[in-house]
Amino acid sequence: MSMAISIAVLASGRGSNFQSIIDGVNEGDIKGEIRVLITDNPEAQAISRAEKNKIPVEIIRRKQFKSRENMDLKIKEILDVHGIDLVVLAGYMKIINSKELLDSYRYKIINIHPSLLPAFKGSTHAQTDAFEYGCKVSGLTIHFVTDDIDGGPIIYQKAADISECSSADEVAGKILSYENEAYRRVVGNFSKGKYVVNGRKVRYTD
Ligand code: GRF
């Protein structure tokens, strides 16, 4: 039997992706335990999702720290204390750019972005961008986090046909349903050691 991995989730808001990972753990698709939810927003709906599942919550606010670098060092401290193997960014709205955090957790921090990267890289409203641009296809990308924002090696992508969508909200809703399903599956695959990283190429091994 393989060992369960220790997971930390960082989220700033609604937490639907966080919920899909909770469900994946509870239903046995993810061989892991969510050790902590870290959030920068005391109002985040993600907090009540954590509480319902007895997941410890750490609230860290930007104003508590002199710099974003210091905030990231606090995150690193929390991750270290919990012995975290995988850090899942699920709608975490701050940029992680501390070298110390990134170096210590290289290839252990993943993010989900609601576009087919590199389209709408760095955007916080990529679904609206895709709609307004008139894209017929958009989607989601799950990638490793590096100091290049939304530019780390790609782990998984899924395209969404948005040609029939009549609003940006409809695009966002369609992509979100794909996101929830994909993130859960990718984290599950991680927990089973199914990804091999070789530079920018991430290979899936079954
Ligand atoms: C998702 O669209 C994700 O791609 C983006 O932020 C949103 C978070 O949604 N990074 P939720 O909080 O997981 O519901």
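Residues numbered from 1 in each chain as written. Predicted model: local features only at pLDDT ≥ 70, side-chain atom pairs only at ≥ 80, totals over all residues. Heavy atoms only, no water.

Some thoughts on the overall build of the protein chain
Part 1: The helix and strand inventory of the protein chain stands at 6 helices and 9 strands.
Part 2: Over its C-alpha atoms the protein chain spans a radius of gyration of 16 Å, differing by no more than 12% from the 17 Å that the globule rule assigns to 206 residues.
Part 3: In terms of principal-axis extent, the alpha carbons of the protein chain reach across some 45 × 45 × 35 Å.
Part 4: Relative to its 206 residues, the protein chain shows a buried fraction of 47%.
Part 5: The long-range share in the protein chain, meaning contacts at least 24 apart out of those at least 6 apart in sequence, stands at 65%.
Part 6: In the structure as shown, the protein chain presents an accessible area of about 10400 Å², 48% of it carried by carbon and sulfur atoms. (Helix = DSSP H or I, 4+ residues; strand = E, 2+ residues; numbered from the N terminus. Rg over C-alpha atoms; globule rule 2.2 N^0.38 Å. Buried < 20%, exposed > 50% of the residue type's maximum accessible area, 1.4 Å probe, protein only. Contact = heavy atoms within 4.5 Å. Areas by Shrake-Rupley, 256 points an atom, 1.4 Å probe, with all protein chains shown as cover.)

Comments concerning helix α5 (residues 126-133)
Part 1: All of the buried residues in α5 are Ala126, Gln127, Asp129 and Ala130. All buried residues of α5 fall inside an arc of 160 degrees around its axis, so they share one side.
Part 2: Turning to α5, the residues buried within the fold contact β5 (109-113), β6 (137-144) and α6 (168-191).
Part 3: Positive phi appears at Gly134, one or two residues downstream of α5, with a value of about 85 degrees. (Arc of directions from axis to C-beta.)

What about the site of the ligand?
Part 1: Every residue lining the ligand is accounted for by Arg14, Gly15, Ser16, Asn17, Gly91, Ile112, Pro114, Gln127 and Glu179.
Part 2: Note that an oxygen atom of the ligand is positioned 2.6 Å from one of the side-chain N or O atoms of Arg14.
Part 3: Between the ligand and the protein, one listed contact pairs an oxygen atom with a backbone N or O atom of Gly15 at 2.7 Å.
Part 4: Alone, the ligand offers 360 Å² of accessible surface; in the complex the protein occludes 86% of this.
Part 5: Split into classes, the residues belonging to the shell around the ligand amount to 2 nonpolar, 5 polar and 2 charged. (Near = heavy atom within 4 Å. Polar contact = N/O pair within 3.5 Å; in protein donor to acceptor, adjacent residues only side chain to side chain. Nonpolar A, V, L, I, M, F, W, Y, C, P; charged D, E, K, R; others polar.)

Some remarks on the packing of aromatic side chains
Part 1: By the definition in use, this model includes 5 aromatic pairs.
Part 2: The interplanar angle of 70 degrees and the centroid separation of 6.2 Å between the aromatic rings of Phe120 and Tyr133 together place this pair among those described as edge-to-face. Highlighted residues: Phe120 in the loop between β5 and α5 and Tyr133 in helix α5, separated in sequence by 13 residues.
Part 3: By way of ring pairs, the aromatic residues Tyr107, Phe144, Phe190, Tyr195 and Tyr204 are connected into one cluster.
Part 4: It is Lys158 that lies over the ring of Tyr178; its NZ or CZ is 4.8 Å from the centre. (Phe/Tyr/Trp six-rings, centres within 6.5 Å; stacked < 30°, edge-to-face > 60°. Lys NZ or Arg CZ within 6 Å of the ring centre and 35° of its normal.)

A few points about the side chain of Ser98
Part 1: Considering the arrangement of structural elements, one finds Ser98 in the loop between β4 (86-89) and α4 (99-104).
Part 2: For Ser98, the side chain forms a polar contact with the main-chain nitrogen of Leu101, separated by 3.1 Å.
Part 3: Apart from the residues within four sequence positions on either side, Ser98 is in contact with Glu69, Asp72 and Leu73.

Looking at the packing of helix α1 (residues 16-26) against helix α2 (residues 45-52)
Part 1: Their axes nearest at 9 Å, the elements α1 and α2 cross at an angle of 15 degrees. By the angle between their axes, α1 is roughly parallel relative to α2. Considering the relative orientation of α1 and α2, their crossing is right-handed. Where α1 approaches α2, its residues Ser16, Phe18, Gln19 and Ile22 are matched on the opposing element by Ala46, Arg49 and Ala50.
Part 2: Of the residues contributing to the contact of α1 with α2, the split by class is 4 nonpolar, 2 polar and 1 charged. (Axes fitted to C-alpha atoms, helices over the stretch in contact; angles between N-to-C directions. Parallel < 35°, antiparallel > 145°, perpendicular 65-115°, else oblique. Left-handed = near helix turned anticlockwise from the far one by under 90°.)

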